[in-house]
Amino acid sequence: MTHEVFNRLRDAYATGVTKPLAWRRGQLNALRRMITENKQAIIDAVAADLGKPASETLLMEIDLVLSETNFVRRRMRWWSARHPKPMHWLLQPAVGWTINEPKGVVLIISPWNYPVLLSLEPMVDAIAAGNAVCLKPSELSPHISHLTAELIERYMDTSAIAVVEGGPEETTDLLAEPFDHIFYTGGGRVGRIVMKAASEHLTPVTLELGGKSPCFVDGTVGLAATARRIAWGKFTNAGQTCVAPDYVLATPDVAQVLAERIALAVTEFYGEDPQASHSFARIINERHFDRLSRLLPQEGDADDPAGQIVCGGQTDRADRYIAPTVLFGTSPDAPVMGEEIFGPILPVIVVQDAREAIEFINARSRPLAAYVFSRNLKTRGVFERDVNAGAIGYSLPLGHLISSRLPFGGTGESGMGAYHGKEGFRVFSHKKTVISKPLFPDTLQFIYPPFNDLRQKLIAIIGKLV
């Protein structure tokens, strides 16, 4: 099946159907209609998979896709146009320009945690660039996967846009095809598999991975507002966000109070019993629930390296519920610090100052984001200069995820390449160079062979002028 889908997309692209701006605009309009006319069905499907609140799906998925669609639709004509470039004086008279052309048939492999946003937003960029697109949604969120396939079949040009559902077998089959670009969002383990498969065809890849995104807090900031922002960034989607604060590094003067303030913010957001709240999501499946449960401190063990529970800690496997949990006094060697948490567990670790925090961060894999809560401009500058991360956020988690004007991507083990807005258009495009020089006057005759004395002298003069 996957081979037939690829061949269909390749044949459609070969006809040139995806290249005209009218087709691109028509498909983006259709995508916008698809979303706006089926908002409730999308919300219900995401809730069935993740237990995600309707407002969260609207704010963090549907609205962001619509925003991206509007943003690129208004600008793709300019991005696709010729852009003149000055030519070297030696080649005059001559002109040169660049033009962005589509890469061809592209594969988008999307994850389960934001199944609408991380499927359709890269698709928007790929369509705007003029590509044929194959989308492989995650099998771990089956309700929204089925709905996405059904809606795209109904609204989009299926000769050039296709959805392939299934699990690892279908993904493996797709990776065997010679796509012109592969865009993968997910974990590092599968990211390595994707990159290895792409190397067989020398296919370029964009990898949007993850990592342990740190959050530094010192005593120069207001702790109430800081705690609320950290709690929002961490516990949105039950912590299943690639750029959620993974752990907090706080200076001794504020660490304990900050942990307690974050716990208070959890109560403000989700009430005394977050399990009964309609504003708190669930863990995607039992396997991830079990993994997260093992990261929690053992009850009654005061010396557990995971630290002490400030709030939360309750679990319900049948409901796939893990309470928003704040830990204090976590050891850097604890299991919860050995992997990306990707769930509603937030360790708070004490560091002496910003320099120790930076050393702590840089001793680990490069994160997708790092957040700094400090009013000290020198501290901010040191983080910006010395921390290797996909992005830095001052007093704001998740902010760069929301903007179409800012590139979104990782570095090192947190990913390669970026997208959103113009950067998304660029990643799905090839910038082609074009030059033109008239045959008359033929100024190149002065450097043609044979290299007699006159031409050698002329070339020597040119060498001194270059």
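Below: a short report on this structure.

Calculation rules
- Residues numbered from 1 in each chain as written.
- Predicted model: local features only at pLDDT ≥ 70, side-chain atom pairs only at ≥ 80, totals over all residues.
- Heavy atoms only, no water.
- Axes fitted to C-alpha atoms, helices over the stretch in contact; angles between N-to-C directions.
- Helix = DSSP H or I, 4+ residues; strand = E, 2+ residues; numbered from the N terminus.
- Parallel < 35°, antiparallel > 145°, perpendicular 65-115°, else oblique.
- Left-handed = near helix turned anticlockwise from the far one by under 90°.
- Contact = heavy atoms within 4.5 Å.
- Nonpolar A, V, L, I, M, F, W, Y, C, P; charged D, E, K, R; others polar.
- Salt bridge = Lys/Arg side-chain N within 4 Å of Asp/Glu carboxyl O.
- Buried < 20%, exposed > 50% of the residue type's maximum accessible area, 1.4 Å probe, protein only.
- Pairing = 2+ DSSP bridges.
- Polar contact = N/O pair within 3.5 Å; in protein donor to acceptor, adjacent residues only side chain to side chain.
- Right-handed = clockwise from strand over helix to strand, strands pointing away.
- Arc of directions from axis to C-beta.
- Lys, Arg positive; Asp, Glu negative; His and termini not counted.
- Phe/Tyr/Trp six-rings, centres within 6.5 Å; stacked < 30°, edge-to-face > 60°.
- Lys NZ or Arg CZ within 6 Å of the ring centre and 35° of its normal.

With that out of the way, let us pick up the packing of helix α3 (residues 39-50) against helix α4 (residues 54-80). Where α3 meets α4, the closest approach of the two axes is 10 Å, and the angle between their N-to-C directions is 125 degrees. The angle between the axes of α3 and α4 places the two elements in the oblique class. Where α3 crosses over α4, the two elements pack in a sense that is right-handed. Along its contact with α3, which presents Lys-39, Ile-42, Ile-43 and Val-46, the element α4 presents Ala-54, Thr-57, Leu-58, Glu-61, Ile-62 and Leu-66. Partitioning the contact of α3 with α4 into residue classes produces 7 nonpolar, 1 polar and 2 charged.

Let us now look at the pattern of salt bridges. All chains considered together, the criterion is met by 12 salt bridges. Across the pair Lys-52 and Glu-61 runs a salt bridge whose closest N-O atoms are separated by 2.7 Å. Among the residues examined, Lys-52 registers a relative accessible area of 3% and is labelled buried. Between Asp-386 and Arg-385 there is a salt bridge, with its nearest N and O atoms 2.8 Å apart. One network of salt bridges, with partners in common, ties together Arg-355, Arg-385 and Asp-386.

Within the open sheet, the 7 strands sit side by side as β10-β13-β14-β9-β8-β15-β16. Their pairing is mixed. Looking at the sheet topology across the chains shown, the edges are occupied by β10 (308-311) and β16 (392-394). The sheet shows a mean angle of 25 degrees between the axes of neighbouring strands, direction not considered. Of the pairings in the sheet, the one linking strand β13 (residues 325-328) to strand β14 (residues 345-350) comprises 4 bridges and is parallel in character. Within β14, the position partnered with Phe-328 by the bridge is Val-348. Packed on one face of the sheet, helix α13 (residues 377-386) meets β8 (214-217), β15 (370-373) and β16 and runs near 165 degrees to β16.

Quick look at the sheet that holds strand β6 (residues 181-185) now. Sheet architecture is open: 6 strands sit in the order β5-β4-β3-β6-β7-β18, paired in mixed fashion. A single partner strand is all that each edge strand has here, and the edge strands are β5 (161-163) and β18 (415-416).

Turning our attention to unusual backbone geometry. Pro-93 follows Gln-92 through a cis peptide bond whose omega is 0 degrees. Inspection of the secondary structure assignment puts Pro-93 in the loop between β1 (83-85) and β2 (95-102). With omega at 0 degrees, the peptide bond leading from Phe-440 into Pro-441 counts as cis. Within the element layout of this structure, Pro-441 appears in the loop between β20 (429-436) and α16 (453-465). For Leu-202, which is not glycine, the phi torsion reads 55 degrees and is therefore positive.

By the element assignment, Asn-285 lies in the loop between α10 (255-270) and α11 (286-293). For the pair Asn-285 and Ser-141, spaced 144 residues apart in sequence, the C-alpha to C-alpha distance is 9.2 Å. Apart from the residues within four sequence positions on either side, Asn-285 is in contact with Leu-140 and Arg-320. A distance of 2.9 Å separates the side chain of Asn-285 from the backbone nitrogen of His-288, its partner in a polar contact.

Glancing now at the side chain of Ser-429. Positionally, Ser-429 belongs in strand β20. Separated by 2.6 Å, the side chain of Ser-429 and the backbone oxygen of Phe-425 make a polar contact. Among residues more than four places away in sequence, those in contact with Ser-429 are Asn-100, Glu-101, Lys-103 and Ala-129.

For the rest of this paragraph, the subject is the pairing of β15. Residues Ala-370 and Val-372 point to one face of β15 and Tyr-371 and Phe-373 to the other, with burial holding for every one of them. Where β15 and β16 come together, 3 bridges link them in parallel fashion. The residue of β16 that forms the bridge with Ala-370 is Ile-392. In this region the chain leaves β15, passes through α13 and returns to the parallel neighbour β16; the handedness of that crossover is right-handed.

Glancing now at α13. Among all positions in α13, only Thr-379, Val-382 and Phe-383 are buried. Projection of α13 onto a plane perpendicular to its axis shows the buried side chains occupying an angular sector of 100 degrees, all on one side. Exposed and oriented more than 90 degrees from the buried face of α13 are Leu-377, Lys-378, Glu-384 and Arg-385. In this structure, the buried side of α13 is in contact with β8, α12 (354-362), β15 and β16. Its side-chain oxygen at 2.9 Å from the backbone nitrogen of Lys-378, Asn-376 defines the N-terminal cap of α13.

Here the focus is the side chain of Glu-68. Looking at the secondary structure, you find Glu-68 in helix α4. Within the buried core, Glu-68 has no salt-bridge partner, and the shortest N-O distance to an opposite charge, that of Arg-75, equals 9.0 Å. Within polar-contact distance, the side chain of Glu-68 engages the side chain of Ser-404 at 2.5 Å. Ignoring any residue separated from it by four or fewer positions in sequence, one finds Glu-68 in contact with Glu-121, Val-124, Asp-125, Ser-404, His-420 and Gly-421.

Turning our eyes to something else, we now look at the packing of aromatic side chains. Inspection of the entire model under this criterion finds 12 aromatic pairs. Here the aromatic rings of Trp-112 and Phe-342 are separated by 5.6 Å at their centres, their planes lie at 90 degrees, and the arrangement is edge-to-face. You can see Trp-112 sitting in the loop between β3 (105-109) and α5 (117-128) and its partner Phe-342 sitting in the loop between β13 and β14, a full 230 residues away along the chain. Given a relative accessible area of 9%, Trp-112 falls into the buried group. Exposure remark for Phe-342: the relative accessible area of 16% places this residue in the buried category. Seen in terms of ring centroids, Phe-269 and Tyr-270 are 6.0 Å apart; in terms of plane orientation they differ by 90 degrees. Their pairing is edge-to-face. Given a relative accessible area of 32%, Phe-269 falls into the partly exposed group. Accessibility expressed as a relative area gives 8% for Tyr-270, which makes it buried. Among the aromatic side chains, those forming a connected cluster through ring pairs are Phe-183, Phe-408, Tyr-419 and Phe-428. For the cation-ring pair, Arg-75 lies above Phe-71, with the distance from its terminal atom to the ring centre recorded as 3.8 Å.

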